[in-house]
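# Examination of the molecular architecture
Okay, here's what each chain looks like letter by letter:
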Amino acid sequence: MKNYIDGQWVDSSNGKTLDKLNPSTGELLDKFPASTKDDVDRAIDAAESSYEAWYNMGSVARGKIIREAGDRIKAARSELENILIKECGKVKVQAAEEVDGVLDQIYYYSEFARKITGDIVEGTTSKRKIFQYKVPHGVVVALTPWNFPAAMVARKLAPALLTGNSVVIKPSSDTPLTAEWIVRKFVEAGIPKGVLNLITGKGSEIGDYIVAHRKVGLITMTGSTETGQRIIKNTSANMAKTILELGGKAPFIVWKDADLENAARALIWAKFWNAGQSCIAAERVYVHSEVKKKFMDIFLKMTGEIKVGDPQDSAMGPLINKSAVENMNSFMAKAREEKLQIVAGGKTPDLSGKLKNGFFFEPTIIDNVPQNSPLFQEEIFGPVVGVHEVKDREEMFKLANDSKYGLASYLFTSDMNLVYEASERIRFGEVYVNMPGPEASQGYHTGFRMTGQAGEGSKYGIEEYLKLKNVYVDYSGEKLKIGTVPGF
Ligand code: NAP
């Protein structure tokens, strides 16, 4: 694959590449450019010199191009689904769901083409007005993760471009091919030269340089909290605004009056969807003691039915890479050290043929996890979940809120008083009551604490890509009297 800089598909300036492996088999899938600082400079320069004309084109014309990109993605969607299966190990149905999500984001944001507004405010004396315009930030740098490599790219490109910004996107080094395919569709749809640029390469090598670049106005990044912290430090150099969608550690509460079957089904989704590699994944299950045994029986039975293997015909595919499997093994080592009860899974499954070299891990449940265990404090980001019994409301709220992360949370109950109380007391950006996720385009995806800053989706998400500018106008035609400066 290639970079896309200033309207040209090009290799990295020094010709170096990195390998992308297929996570189901460990085989080489493709090579992608290991971009240099020089590539970064060229991409940012192109974005900077093209953004004014793009902004002046007007939001309605930009919206048409973004919609057209959606139509082109829709027409060729099976290609994107296949890339997601091969590059990311998505199982078939989830690859299709992700493409549905991509289209939903693109069409949703394109609808804002006629909804960008400002204010006209009265001045402090007569015949004066203050025009408050919403204008783009200029050059936006988009940094995307690998777990939803298509949806995250769409969720950043569509609003950034619609609002008149130009973009340099650097996708995860685990999923460059998905990003390339989507960028090609935006280019085919008519995005002018220079407005959208794609560069690939290791964040550890070029990331610090991109985010601190003096020509960058906004950085929108989805990824780990550690990378987010680094970006905050580095943007002290340019004061660029940051949208940071970071880690999660969702509590999943099953109260004594819950529909246990529904709760277990939702938990299967919330934990094992995308092999647990989701920022909104349930990572801490709190079950009321009165229903714990019954709930665990149902949950264990459902978990045992999950078929792990080839993404083409399984319910759960591989993890993204070898180090993700090592990470699961290290959580299991901690669980064994703490003498916790591993009641399902706990190891790499025994698969045959090419899948033997893939990066798989069994759906795993660990019972009676103490609150201070690393399993309940650190983001696992894989198919491993811990369970803890709770007895009263106060304990439940205390434990659920006890996390440095604050993205998604789940509550299953039929007690409406508890629902209202939880809406206020659960300090997470998203509370899913009696339902699984994921978030909707018209919702504002945001988190408390170390989950980051700002958010994406809804009218509030669009606003993040715009800056409010004030123009003061005197239209009286009278000679100015500046009373505080004697003589004028
Ligand atoms: P990551 O390692 O933090 O990487 C995210 C992106 O940042 C990648 O493109 C990465 O490039 C780049 N990057 C790495 N170092 C950088 C640096 N110093 N400066 C600038 N950019 C840098 O995260 P990930 O492993 O891809 O994704 C998993 C994490 O994302 C999890 O913590 C998950 O919870 C979070 N996530 C959050 C949300 C949300 O909405 N809150 C959604 C999805 C995922 P390389 O790949 O080349 O390193």
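Computed from a predicted structure; not experimentally measured.

### So, the side chain of Lys90
- Here Lys90 lies in the loop between helix 3 (77-88) and helix 4 (92-110).
- By relative accessible area, which is 2% here, Lys90 ends up buried.
- For Lys90, the side chain forms a polar contact with the side chain of Asn274, separated by 3.1 Å.
- In this structure, Lys90 is in contact with Leu84, Ile85, Ala95, Glu98, Asn147, Phe148, Pro149, Asn274 and Pro311, ignoring residues within four places of it in sequence.

### Side note on the pairing of strand 18 (residues 408-412)
- Where burial is concerned, most of strand 18 is hidden: five out of the five residues are buried.
- Here strand 18 shows no split at all, with Ala408, Tyr410 and Phe412 on one side and Ser409 and Leu411 on the other all buried.
- In this structure, strand 12 (residues 250-254) lies alongside strand 18, joined through three bridges in parallel fashion. From the neighbouring strand, Phe252 faces strand 18, where its bridge partner is Tyr410.
- As defined by bridge partners, strand 18 adjoins strand 19 (residues 430-433) across four bridges and the pair is classed as parallel. Looking at the pairing, Ser409 lines up with Val431 of strand 19.

### Some remarks on the sheet that holds strand 6 (residues 128-136)
- Reading across the sheet, the three strands line up as 5-6-24 and stay open at both edges, with antiparallel pairing between neighbours. Two strands in the sheet have a free side with no partner beyond their single neighbour: strand 5 (119-122) and strand 24 (466-474). Ignoring which end each strand starts from, the neighbouring axes of this sheet average 25° apart.
- Pairing between strand 6 and strand 24: nine bridges, direction antiparallel.

### What to know about the site of the ligand
- The environment of the ligand is made up of 30 residues, and the closest members are Ser173, Gly203, Ser224, Thr227 and Glu379.
- Separating an oxygen atom of the ligand from a side-chain N or O atom of Ser173 is a distance of 2.5 Å.
- One of the side-chain N or O atoms of Ser224 is found 2.7 Å from an oxygen atom in the ligand.
- For the ligand, whose free accessible area comes to 900 Å², the fraction covered by protein is 89%.
- Counting residues per element, the ones that place at least two in the shell around the ligand are helix 7 (203-211), strand 10 (216-222) and helix 8 (225-234).
- Here the shell around the ligand takes three residues from helix 7, the largest share from any one element.
- Mapping the shell around the ligand onto the domain boundaries places at least three of its residues in each of domain 1 (3-246 + 451-471) and domain 2 (250-433).

### Thoughts on the sheet that holds strand 14 (residues 341-344)
- Taken in spatial order, the seven strands make up an open sheet running 14-15-16-13-12-18-19, and their pairing is mixed. The sheet is open, and its two borders are formed by strand 14 and strand 19, each paired with just one other strand. In this sheet, neighbouring strand axes are inclined to one another by 25° on average, regardless of whether the strands run parallel or antiparallel.
- Of the pairings in the sheet, the one linking strand 12 to strand 13 (residues 282-288) comprises five bridges and is parallel in character. Pairing of Ala250 across the sheet is with Ala282, part of strand 13.
- The sheet contacts of helix 13 (residues 393-401) involve strand 12, strand 13 and strand 16 (384-390), and relative to strand 16 the element is tilted by about 155°.

### Considering the packing of aromatic side chains
- Counted under the stated rule, the structure contains 14 aromatic pairs.
- Look at Trp146 and Phe381: their rings are 5.5 Å apart centre to centre, the planes differ by 80°, and that puts the pair in the edge-to-face class. Taken together, the positions of Trp146 in the loop between strand 7 (139-143) and helix 5 (151-162) and Phe381 in the loop between helix 12 (374-377) and strand 16 put the pair 235 residues apart, joining distant regions of the chain. This pair shows no difference in class: Trp146 is buried, exactly as Phe381 is.
- Seen in terms of ring centroids, Tyr444 and Tyr460 are 5.9 Å apart; in terms of plane orientation they differ by 70°. Their pairing is edge-to-face. Of this pair, Tyr444 sits in the loop between strand 19 and strand 20 (445-446) while Tyr460 is found in helix 15 (residues 458-463), placing the two residues 16 residues apart along the sequence.
- An aromatic cluster is present here, built from Phe252, Tyr410, Phe412 and Tyr432 joined pairwise through their rings.
- The lysine or arginine in question, Lys115, covers the ring of Phe112, its NZ or CZ lying 5.4 Å from the ring centre.
- The cationic tip of Arg449 hangs over the ring face of Phe428; the distance from NZ or CZ to the ring centre is 5.0 Å.

Each value, and the rule that gives it
- Residues numbered from 1 in each chain as written.
- Predicted model: local features only at pLDDT ≥ 70, side-chain atom pairs only at ≥ 80, totals over all residues.
- Heavy atoms only, no water.
- Helix = DSSP H or I, 4+ residues; strand = E, 2+ residues; numbered from the N terminus.
- Buried < 20%, exposed > 50% of the residue type's maximum accessible area, 1.4 Å probe, protein only.
- Polar contact = N/O pair within 3.5 Å; in protein donor to acceptor, adjacent residues only side chain to side chain.
- Contact = heavy atoms within 4.5 Å.
- Pairing = 2+ DSSP bridges.
- Axes fitted to C-alpha atoms, helices over the stretch in contact; angles between N-to-C directions.
- Near = heavy atom within 4 Å.
- Areas by Shrake-Rupley, 256 points an atom, 1.4 Å probe, with all protein chains shown as cover.
- Domains from an automatic or database assignment.
- Phe/Tyr/Trp six-rings, centres within 6.5 Å; stacked < 30°, edge-to-face > 60°.
- Lys NZ or Arg CZ within 6 Å of the ring centre and 35° of its normal.

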